Amino acid sequence: MELGGLHHVTAVTGNAAGNVAFYTKVLGMRLIKKTVNQDDVSAYHLFYGDEIGQPGTELTFFDWPNIGPNVHGTSSIGAIALRVPDADALRWWERRLAEFGIDSTRITEFKGRGALVFADPEGQRLLLVEGGETADGDPWRRSPVPPEVAIRGLHAVKLIVDRAMPTARFLTEALGFRQAGSYPFAENDARQTLVFEVGPGGSGAEIHIDERPELPPGRVGIGGVHHVAFRTPSEDEHRRWRERVREAGFAITPVINRFYFRSIYFREPGGVLFEIATDGPGFSVDEDPAHLGERLALPPFLEPHRAEIEAHLKPI
């Protein structure tokens, strides 16, 4: 039993319309599902990904305009890294971001890969990373970004914790990760970011950990990340993962049917919220793949409440 890598990452926006405009028109990702937060139906839950939203390509957002700004600190996910094909793609993206007035910084050491660091309009910390050895997602055919340089999916997330070793031990002993090296925090900085990988390893299957005891506790808000989810192929393995985490002594939710996948949630020792999600049934279960994300999609148990839900949502 082995996790297959990253499934999705869920962040927070305070401006759903602006979020859609940036991630579809600037970054060229497809809005594959426009639905609601099943635990807070007053809020949109927006999913972006490749042509059909394959697991490992999904970046999602809760629309919580009243939550306040994100506080960068420990027990949080400090950055989301997205995969592009190669160095030529990074150079293309550097020019594109400049055209939209977005500042970016090239770094040459992101565990041996080139990367481009920038933020979305709400301050969400993002990287575009060379990840050419990984099987690519299928770029959105109607994207404004050419397919040869398009974002292919998730590369990694960076955890910010007070102490690295408890998190590292949990990753390796409970979740089956393995350490895969380290790299400097920054140029001329002796501190090291630890890298762990799972399943196939490499792009799409990495967690990076920064130990930052000098930082205050983080607080999730607009421009921050709510949780990271990992892949498992079947409902049977999903149930077994729940038992493994519970037996390791961690509080974990029951299996929750999110309609597009099954989910379990728990916090790792550093306080970051983790999810394990099934690969299926996927986002085409209730929409034609050619028309994903074009209307508000609701799981069957919320469909009887559509009129009330739509009345409280600001149209995008």
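A short tour of the structure in this document, coming up.

Rules used in this analysis
- Residues numbered from 1 in each chain as written.
- Predicted model: local features only at pLDDT ≥ 70, side-chain atom pairs only at ≥ 80, totals over all residues.
- Heavy atoms only, no water.
- Helix = DSSP H or I, 4+ residues; strand = E, 2+ residues; numbered from the N terminus.
- Rg over C-alpha atoms; globule rule 2.2 N^0.38 Å.
- Buried < 20%, exposed > 50% of the residue type's maximum accessible area, 1.4 Å probe, protein only.
- Contact = heavy atoms within 4.5 Å.
- Lys, Arg positive; Asp, Glu negative; His and termini not counted.
- Charge placed at Lys NZ, Arg CZ, Asp CG, Glu CD.
- Core = buried A, V, L, I, M, F, W, Y, C linked by side-chain atoms within 4.5 Å.
- Pairing = 2+ DSSP bridges.
- Axes fitted to C-alpha atoms, helices over the stretch in contact; angles between N-to-C directions.
- 1 Å grid on protein atoms, 1.4 Å probe; cavity = no way out; pocket = protein on both sides within 12 Å on 5 of 7 lines; lining within 4 Å.
- Points joined across faces, edges and corners; volume = space filled by probe spheres on them.
- Nonpolar A, V, L, I, M, F, W, Y, C, P; charged D, E, K, R; others polar.

It is worth spelling out the overall build of the protein at this point. The helix and strand inventory of the protein stands at five helices and 16 strands. Against the compact-globule benchmark of 20 Å for 316 residues, the protein has a radius of gyration of 18 Å, which places it among compact chains. Seen along its three principal axes, the alpha-carbon backbone of the protein occupies a region of about 55 × 50 × 35 Å. Per-residue burial over the protein gives 56% buried out of 316 residues. Restricting to contacts in the protein with at least 6 residues of sequence separation, those with at least 24 account for 66%. Here the protein holds 34 positive side-chain charges and 44 negative ones, and the gap between their average locations is 1 Å.

With that settled, the discussion passes to the nonpolar core. Counting 68 residues, the largest nonpolar core has L27, L175 and F274 as its most contacted members. Element by element, the count of residues in this core is highest for helix 1 (residues 16-26), at five residues. Discounting residues that sit within four places of it in the chain, L175 has contacts with L3, F170, V198, W241, V245, F266 and F274.

Structurally, K158 can be placed in strand 9 (residues 153-161). Residues in contact with K158, not counting those within four places in the same chain, are S76, I77, G78, A79, Y183, T193, H208 and D210.

Residue position: Y183 is located in strand 10 (residues 178-184). Judged by relative accessible area, Y183 falls into the buried class, the value being 2%. Sequence-wise, Y183 and G201 are 18 residues apart; in three dimensions their C-alpha atoms are separated by 17 Å.

Reading across the sheet, the eight strands line up as 6-7-8-5-9-12-11-10 and stay open at both edges, with mixed pairing between neighbours. Of all the strands in the sheet, just strand 6 (105-107) and strand 10 have a single pairing partner and so form its edges. When strand polarity is set aside, the average angle formed by the axes of neighbouring strands in this sheet is 25°. As judged from the three bridges shared by strand 6 and strand 7 (residues 115-119), these two strands associate in the antiparallel manner. Bridge assignment links T105 to a residue of strand 7, and that residue is V117. Against the sheet, helix 2 (residues 87-99) touches strand 5 (76-84), strand 6, strand 7 and strand 8 (125-130), its axis set at about 25° to strand 7. Relative to the sheet, helix 3 (residues 164-173) contacts strand 9, strand 10, strand 11 (192-197) and strand 12 (206-211), its axis offset from that of strand 12 by approximately 160°.

This next bit is on the layout of surface pockets. By volume, the largest pocket amounts to about 590 Å³. Every residue lining the largest pocket is counted, 30 residues in all, and those nearest its centre are I107, V117, L127, K158 and F185. For the lining of the largest pocket, the secondary structure elements donating two or more residues are strand 5, strand 6, strand 7, strand 8, strand 9, strand 10 and strand 12. Residues belonging to the lining of the largest pocket are distributed by class as follows: 17 nonpolar, four polar and nine charged.

Once that is clear, we can look at the pairing of strand 8. Strand residues, when the strand is regular, have side chains that alternate between the two faces of the sheet. Both strand 5 and strand 8 contribute to a ladder of five bridges, which runs parallel. Paired with V84 across the two strands is E130, which belongs to strand 8. The turn joining strand 7 and strand 8, which pair antiparallel and follow one another in sequence, is formed by five residues; a positive phi near 95° is taken by G123.

Okay, the pairing of strand 1 (residues 6-13) next. Burial runs high along strand 1: eight of the eight residues are buried. Here five bridges tie strand 1 to strand 13 (residues 225-232), and the two strands are oriented antiparallel to one another. Directly across from T10, in strand 13, lies its bridge partner H227. Where strand 1 meets strand 4 (residues 58-63), six bridges bridge the pair, whose relative direction is parallel. The residue bridging V9 from the neighbouring strand is L59, located in strand 4.

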